[in-house]
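Structure at a glance
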Amino acid sequence: MNKMSFSWDRALITCAAWALALLWVLPLIYATWTAFHPAEFETRFDLTAPLTLTNFSDAWVQAPFARYFLNTTILVTMILIAQIALGTLAAYAFARMDFRGKGILFSLVLVQLMIMPDILLVENYKTMRDLGLVDTILAIGLPYMASGFGIFLLRQTFMTIPQELDDAARIEGTSIMGRIWRVYMPLAKPTYLAFGLVSVSAHWNNFLWPLIITNSVETRPLTVGLSIFAATDSGIQWSVINAATLITSGPLLLAFLLFQRQFVQSFMRAGIK
Amino acid sequence: MRRDWIYACLLLSPAMVILVGFTHIPAIETIINSFFSTGRGRRVPEFIGTDNYATLLADPVFIKALKNNLIYAAVTIPASIILALMMAVFVNEKLRGRALLRMAFFTPTVLPLIAVANIWMFFYTPGFGLIDQIRGLFDLPAQNWVGQTDTVLYTMIAVATWKEAGFFMIFYLAALQTIPMPLREAAALEGASRWYFFRRVTLPLIMPTTLFVSVNAVINSVRLIDHIFVMTEGGPNNASKLLLFYVYEVAFQYWDTAYAATLTVVILGILCALAIAQFFFLDRRVHYK
Amino acid sequence: MLTNFFKTSTTAAALALATSVPAFAVDLEFYFPVAVGGAAADTIEALTSEYAAANPDVNIEAIYAGSYTDASTKAVTAARGGNAPQLSVLLSTEMFTLIDEDLIEPFDTYLTEAEKSEWIDGFFPAFMQNSQTGGNTWGIPFQRSTPVMYWNKEAFAKAGLNPDVAPANWDELLNAATALTEKDDAGNVTQWGLRIPSAGFPYWLFQGLSTPAGAILANADGNKTNFDDPKVVRALQFLVDLSKSHGVMAEGSIDWGATPKAFFEGESAIIWTSTGNLTNIRINAPFDFGVGFLPADERFGAPTGGGNFYLFKDSSEEQKDAAVDFVQWITAPEQAAKWSIATGYVAPRADAWETDAMKAYVEEVPAALITRDHLEHAVAELSTYENARVTSFLNDALAAAIAGEKTPKEALAEAQAQAEAVLSSYR
């Protein structure tokens, strides 16, 4: 490989990377453009167009986005904590214990790997109604609190942890919970991180189930709030809708931009496989 | 052994209660309901055997949704995985502005599909939409991408791929970082081309990530329908109707819960088959690593 | 009953006294969909608090439930779960479905004869077509609309047409649209003559063609459709030909939401859309525009649209009385005028148009009068039992014909057969 062709290679990769990135960030660029300009520039990209913040104030006044944001944050945190707690306990049992019916129980878990509660929304709605939980944040989260996917991933990881570590801790008199907490969880950090990202992203974006189970501002997550805000029966208003989108996604984007190095690095250091 | 059993019970029961309560029991109830008629008002549901299944097989909308969903999965899954891998390779290089690139690829993860769908709607709008404005520069005619039965499904696929590739990129990026630098340098010294190295070393090493990502991709090919609500509602003439959207429609707009249950049973069947297949594959590949 | 309750349980009585200040307060919950943006929700809020101030014994909680579809989904799921609101504004076309589900009650039970003739008979008859069946009144018109035609006067002048006269029939419409369709040197269209949005719910604007063609799509009992009527076929053929043979309208299914934008951008010179867009267009159109009736064929005609108040069954008698009282109040002339001015919905009663506020508004926005006068020619929006499903048959047929997958005749015959299969059990 001579130096010349190597740099050509590089130039090509750089170009392709930027082209792809541009394509990917286009919706965000467009959202930003419309949000900061008056509505008549939604479809005209004139660099001399006047800037404005009224779209933001309009969106802010028209719907309680702060509340929606809070609801989503509560929801996502609640689900993640529950999934990790329940998943870890179950995964430990599947990975390190012998008991009758293990195979059957594990296959029940695997079934849920694919059949997510979203598909069973009709029946789950009835259950929530019977539990009196309709229109609560708990009801949005409850069906997801045990994740087949999470249990499966953690079990696979736990099985790679040497049994000797477990035994040594047991001889020292550490309880099961103590061993899970001090031996297994630290060693499975990468799995937690990867699963956490999947879970947070899934529930941050989840729409169908919350749409059906929530009725009020106090429980609606962002996705549902945005969708009813953007009802287009009387003509779509991209500038205000996009301002709302930026208001609600802005904090996360900003956080990623600021902390992306730390985020990606810790993700990498964890070395998920 | 006996103590183990008690402990196992204690450890498992919280998760199992929720799994069984919100997945298995509802799944069984759904199967039972599919053999009954829908109760409306004062008419109670009656046992009708397999009538709902006969209706299903004769339902052109179901057949169409099934076909659409197969195409949707067949394109979205490989496209998003390949693009994700490309992106990860790109941002793993020491390129200028790597931070910006990463952030660009990461945007879909943060922007909810339901909100972004409106933006995509603008891109696709005939005449004054973004794509057509660009086409207009080359004197190409306006195209009604979302309004034509032969293109609409692909516009939905593009949005889904956009959404997923950026997300999967993160996992690949982390996996690529674990490939030791010396390995790469050694290969370069030996005269191995980048492509050869990628094929023979990188790909096998990131296999577990590919499996992880593909499980997610398969699940999402059924689940990811938010943009359909905003952009097409399955139209025109069901050309962009996907199975889960049809279930929603039948259950919550037609109020035909029994038929919705029948549709759900079909999805359950497909997913179960996939789950079993994937389990054997996954267990073999990841377990003994 | 309440006294009994007090006598038998003193602790409960103490509790009741301690917690509820007016012991006889009635709680009302009502769902409303707002399709017109922020102003509407504020107006509802203002109106309900005004009512609450005048009636301290009634607590009204107005719940904004999203789009029409979302609101129906919520109301029906809640009602099936024994958690129904007392009132809800839902599409007028849901009437048969709600009756079929046994969820609503007619208003007549709670009205005196005098109220019936004064109040019920005061609504425009076109709106009542979707509100009454079998001799009962199930819905009270509130958030109602009708489609109208908006045209760009500048574009008309440029194309050599009289900007102050709307095309009055299909021939004139076609001629105007042909004159208005502009192409650039490459042969690409830069301005379409006409835009009739057809994505999502094509049947509604299609009724703006089928009604003038002389067809009525469904009977008043909601159990028979006439999709294969030759007049309906003719209307659909006309719609298809607009793009396929005459090239005056874009091909394929046309988006609803972007329609006003397409008008502002000059992408289309004539658009058909709801009166609910009047305010939006008035504020944002950068040119002079006209508002007119949908063009006539055999006759003038259009569907009505929008939402009615429904009274849900599963409530106490006190609640139902209070609910009916509230509906009477909010549809009274002053309130109806306020609502109509704020949102652009058509005030559903003739007497609302006689109020000072409405008169002043009409002075300012003469186009509002067009929407009212259009009602004289309006017919019921397509509504049957299992409405969403039956309507989807027609929607699919329209989309298939527009896409060129089937001929109008084939498509409509198929839709009719599908509708028959569902509706025959309701006769």
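Throughout, residues of each chain are indexed from 1 in the direction in which the sequence is written. In the order they appear in the text, chains get letters beginning with A and ligands get numbers beginning with 1. Since the coordinates come from a predicted model, pLDDT governs what is reported: local features require at least 70, and pairs of side-chain atoms require 80 or more to be given and counted, while whole-chain, interface and lining totals use all residues.

**Focus on the overall build of chain B**
- Per the convention used, a helix needs a DSSP run of H or I reaching at least four residues, while a strand needs a run of E reaching at least two, with both numbered from the N terminus. Of regular secondary structure, chain B possesses 13 helices and zero strands.
- Helices (α) and strands (β) of chain B occur, in sequence order from the N terminus, as α-α-α-α-α-α-α-α-α-α-α-α-α.
- Dimensions of chain B along its principal axes, counting C-alpha atoms only, are 80 × 75 × 30 Å.
- Exposure is read from a count of other C-beta atoms within 10 Å of each residue's own; the residue is exposed at 12 or fewer, buried at 20 or more and partly exposed in between. C-beta atoms are placed from the backbone. Burial statistics for chain B: of 289 residues in total, 52% are counted as buried.

**Some thoughts on the overall build of chain A**
- Of regular secondary structure, chain A possesses 13 helices and zero strands.
- Radius of gyration: C-alpha atoms only; globule rule: 2.2 Å multiplied by the number of residues to the exponent 0.38. Scaling as 2.2 N^0.38, a compact globule of 273 residues should have a C-alpha radius of gyration of about 19 Å, whereas chain A reaches 24 Å, well beyond that.
- In terms of overall dimensions, chain A has a C-alpha envelope of 75 × 70 × 30 Å along the principal axes.
- Every one of the 273 residues in chain A was classed for burial, and the buried ones make up 49%.
- C-beta atoms are first placed from the backbone for all residues, and any pair lying within 7 Å is then listed as a contact. Sequence separation of at least 24 residues holds for 77% of the intrachain contacts in chain A that already meet a minimum separation of 6.

**A word on the interface of chain A and chain B**
- Listed as interface residues are 81 residues of chain A and, on the opposing side, 82 residues of chain B.
- Put simply, Ala, Val, Leu, Ile, Met, Phe, Trp, Tyr, Cys and Pro go in the nonpolar bin, Asp, Glu, Lys and Arg in the charged bin, and everything else, Gly too, in the polar bin. Residue composition of the side of chain A that touches chain B, by class: 58 nonpolar, 17 polar and six charged.

**Structural notes on the packing of helix H3 (residues 65–96) of chain A against helix H7 (residues 148–160) of chain A**
Residue and element names in this part refer to chain A.
- Helix axes are fitted to C-alpha atoms over the stretch in contact, other axes to C-alpha atoms as well, and angles between N-to-C directions run from 0 to 180 degrees. Axis separation between H3 and H7 bottoms out at 8 Å; the angle between their running directions is 50°. Between H3 and H7, the angle falls in the class oblique. When the axes of H3 and H7 are compared, the crossing they make is right-handed. Across the interface between the two elements, Gln-83, Gly-87, Thr-88, Ala-90, Ala-91, Tyr-92, Phe-94, Ala-95 and Arg-96 from H3 touch Gly-150, Ile-151, Leu-154, Arg-155, Phe-158 and Met-159 from H7.
- In terms of residue class, the contact of H3 with H7 is built from nine nonpolar, four polar and two charged. Any angle that falls under 35 degrees is termed roughly parallel, while one over 145 is termed roughly antiparallel, one within 65 to 115 roughly perpendicular, and all others oblique. Note on convention: the crossing is left-handed when the near helix lies turned anticlockwise from the far helix by less than a right angle, right-handed when the turn is clockwise.

**Quick notes on helix H4 (residues 68–80) of chain C**
Residue and element names in this part refer to chain C.
- Multiplying one less than the number of residues by 1.5 Å gives the expected span of a helix. Taking 1.5 Å of rise per residue, 13 residues should cover 18 Å, and H4 covers 18 Å from first to last C-alpha, within 8% of that figure.
- Those residues of H4 lying buried are Tyr-68, Thr-69, Asp-70, Ala-71, Ser-72, Thr-73, Lys-74, Ala-75, Val-76, Thr-77, Ala-78 and Ala-79.
- Residue Gly-82 follows H4 closely and has a positive phi angle near 70°.

**Overview of the sheet that holds strand E12 (residues 289–292) of chain C**
Residue and element names in this part refer to chain C.
- The five strands are arranged E9-E10-E11-E8-E12 in an open sheet whose pairing can be described as mixed. Bordering the open sheet on either side are strand E9 (182–183) and E12, each of which pairs with just one other strand.
- Two strands qualify as a pair provided that DSSP identifies no fewer than 2 bridges between them. One ladder, built from three bridges, connects strand E10 (residues 189–195) with strand E11 (residues 268–274); its direction is parallel. Bridge pairing links Trp-192 to Ser-268 in E11.

**Things to note about the interface of chain B and chain C**
- Of the residues lining the interface, 24 residues belong to chain B; the matching set on chain C comes to 30 residues.
- Per-class residue counts for the side of chain B that touches chain C are nine nonpolar, 11 polar and four charged.

**Section: the environment of Val134(A)**
- With respect to the helices and strands, Val134(A) occurs in the loop between helix H5 (121–131) and helix H6 (137–141).
- Looking at Val134(A), the number of C-beta atoms within 10 Å reads 21, which means it is buried.
- The contact partners of Val134(A), leaving out residues within four places of it in the chain, are Met128(A), Arg129(A), Ala139(A), Ile213(A), Gly81(C) and Asn83(C).

**Considerations on the nonpolar core**
- By size, the foremost hydrophobic cluster in this structure holds 296 residues, and its most contacted members are Ala90(A), Ala15(B), Ala84(B), Met169(B), Tyr172(B), Leu243(B) and Ala397(C).
- Per-element tally for this core: the top contributor is helix H7 (residues 152–177) of chain B, with 17 residues.
- In terms of domain composition, this core takes at least three residues from each of domain 1 (24–145 + 305–371) and domain 2 (147–303 + 386–426) of chain C.
- When neighbours within four sequence positions are excluded, Ala397(C) is seen to be in contact with Phe227(C), Ala411(C), Leu412(C), Glu414(C) and Ala415(C). The nonpolar core is taken to be a set of buried Ala, Val, Leu, Ile, Met, Phe, Trp, Tyr and Cys residues joined by way of C-beta atoms within 7 Å. Where each domain starts and ends comes from a domain assignment, either automatic or drawn from a database.

**Considerations on the confidence of the model for chain A**
Residue and element names in this part refer to chain A.
- Values of pLDDT, which run from 0 to 100, indicate the predictor's confidence residue by residue. Taken residue by residue, chain A gives an average pLDDT of 85. The fraction at 70 or more is 92%.
- By mean pLDDT, helix H13 (residues 238–270) is the weakest element of chain A at 77, and H6 is the strongest at 95.
- Low confidence marks residues 1–5, where pLDDT is under 50. Its contacts with residues over four positions away, or in another chain, come to one contact.

**Remarks on the confidence of the model for chain B**
- On average, residues of chain B carry a pLDDT of 87, and 96% of them reach 70 or more.
- With pTM at 0.90, the complex prediction returns an ipTM value of 0.88.

**Quick look at the environment of Glu94(C)**
Residue and element names in this part refer to chain C.
- The residue Glu-94 is located in the loop between strand E3 (87–91) and helix H5 (95–100) in this model.
- Its 28 C-beta neighbours within 10 Å are what place Glu-94 among the buried residues.
- Sequence-wise, Glu-94 and Tyr-310 are 216 residues apart; in three dimensions their C-alpha atoms are separated by 9.7 Å.
- If near-sequence neighbours (up to four positions away) are discounted, Glu-94 is found in contact with Ser-72 and Asn-387.

**Thoughts on the pairing of strand E14 (residues 305–312) of chain C**
Residues and elements named next belong to chain C.
- Counting buried residues along E14, eight of its eight residues qualify, which places the element largely inside the surrounding structure.
- The sheet contact formed by strand E4 (residues 104–105) and E14 spans two bridges and is antiparallel. Note that in E14 the partner of Glu-105 across the bridge is Leu-311.
- Alignment of strand E7 (residues 139–145) against E14, held across six bridges, turns out to be antiparallel. Paired with Ser-145 across the bridge in E14 is Gly-305.

**Thoughts on the packing of helix H10 (residues 202–210) of chain C against helix H11 (residues 230–244) of chain C**
Residues and elements named next belong to chain C.
- At a minimum axis distance of 9 Å, the contact between H10 and H11 shows a crossing angle of 110°. Relative to H11, the element H10 is oriented roughly perpendicular. Contacts between H10 and H11 involve Phe-206, Leu-209 and Ser-210 from the former and Lys-231, Val-232, Ala-235, Phe-238 and Leu-239 from the latter.
- Here the residues of the contact of H10 with H11 sort into six nonpolar, one polar and one charged.

**Section: unusual backbone geometry**
- One non-glycine residue, Glu233(B), lies in the positive phi region at around 50°.
- When you line up the elements, Glu233(B) lands in the loop between helix H11 (226–231) and helix H12 (243–252).
- With 19 C-beta atoms counted inside 10 Å, the residue Glu233(B) sits in the partly exposed group.
- Phi at Glu386(C) takes a positive value of approximately 45°, unusual for a residue other than glycine.
- With respect to the helices and strands, Glu386(C) occurs in the loop between strand E15 (378–379) and helix H18 (387–403).

**Looking at the environment of Thr343(C)**
- By the secondary structure assignment, Thr343(C) is in helix H15 (residues 333–343).
- Placed 65 residues apart in sequence, Thr343(C) and Leu278(C) show a C-alpha to C-alpha distance of 8.9 Å.

**Describing the pairing of E3(C)**
All names here are of chain C.
- Of all the five residues making up E3, five are buried; the element is thus mostly covered by neighbouring parts of the structure.
- Pairing analysis gives two bridges linking strand E1 (residues 26–32) to E3, with the strands arranged parallel. Following the sheet pairing, Phe-30 is matched in E3 by Leu-87.
- With five bridges connecting them, E3 and E14 associate as antiparallel partners. Bridged to Ser-88 within E14 is Tyr-310.

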